[in-house]
Amino acid sequence: MSDIDRIIENVNATMEMENMPLTDDNKSMLRSCLEGRVLFEDMLNDLIVKYTREKVM
């Protein structure tokens, strides 16, 4: 098992303890960051934009 696989499995195990296991999409995003294809900061910003909505007045 590679270091990246071990990290992903450790994160998944921790999340499972909180009844929130990683989805395949979560694992894929994490792998992209760990392999250096995407910066963690860029991934975080993308997720913030994706899940933030403007307040409706």
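In the block above lies the structure referred to throughout.
For every chain, the first residue of the written sequence is number 1, and numbering continues from 1 along that sequence. Where totals are concerned, whole chains, interfaces and linings use all residues; where local detail is concerned, this predicted model gives features only for residues with pLDDT of at least 70, and gives and counts side-chain atom pairs only at 80 or more. By convention in this description, side-chain values take in all heavy atoms of the structure and omit both hydrogens and water.

Asks: Mind showing me how you'd approach the overall build of the protein chain here?
Replies: Working definition: helices are DSSP H or I runs of at least four residues, strands are E runs of at least two. Numbering for both runs from the N terminus. When helices and strands are tallied, the protein chain shows 3 helices and 0 strands. Along the protein chain, helices and strands appear, N-terminal first, in the series α-α-α. Throughout, radius of gyration means the C-alpha value; the globule benchmark is 2.2 Å times the number of residues raised to the power 0.38. Taking 10 Å as the expected radius of gyration for a compact globule of 57 residues, we find that the protein chain reaches 14 Å, considerably beyond that expectation. Along the three orthogonal principal directions, the C-alpha set of the protein chain runs to about 50 × 30 × 15 Å. Only protein chains enter the calculation, and the probe is 1.4 Å; a residue is then buried if its accessible area is under 20% of its type maximum, exposed if over 50%, and partly exposed in between. The proportion of buried residues among the 57 residues of the protein chain is 14%.

Asks: Sorry, what's going on with the pattern of salt bridges here?
Replies: One side chain can pair with another of opposite charge once the charged atoms of both are near each other. Here, a salt bridge means any Lys or Arg side-chain nitrogen found within 4 Å of an Asp or Glu carboxyl oxygen. Inspection of the entire model under this criterion finds 4 salt bridges. Between Glu-35 and Arg-31 there is a salt bridge, and its shortest N-O distance comes to 3.9 Å. Connected through salt bridges with shared partners, the residues Asp-5, Arg-31, Glu-35 and Arg-37 form a single ionic network.

Asks: Please explain the environment of Glu-41 as it appears in this structure.
Replies: Inspection of the secondary structure assignment puts Glu-41 in helix α3 (residues 40-51). For Glu-41, a relative accessible area of 52% corresponds to the exposed category. Counting along the chain gives 18 residues from Glu-41 to Thr-23, while the straight-line C-alpha distance between them is 20 Å.

Asks: Would you mind going over the side chain of Ser-32 with me for this structure?
Replies: Within the secondary structure layout, Ser-32 lies in helix α2 (residues 24-34). Given a relative accessible area of 11%, Ser-32 falls into the buried group. Any pair of residues with heavy atoms lying within 4.5 Å of one another is described as a contacting pair. Not counting residues within four places of it along the chain, the set of residues in contact with Ser-32 comprises Arg-37 and Val-38.

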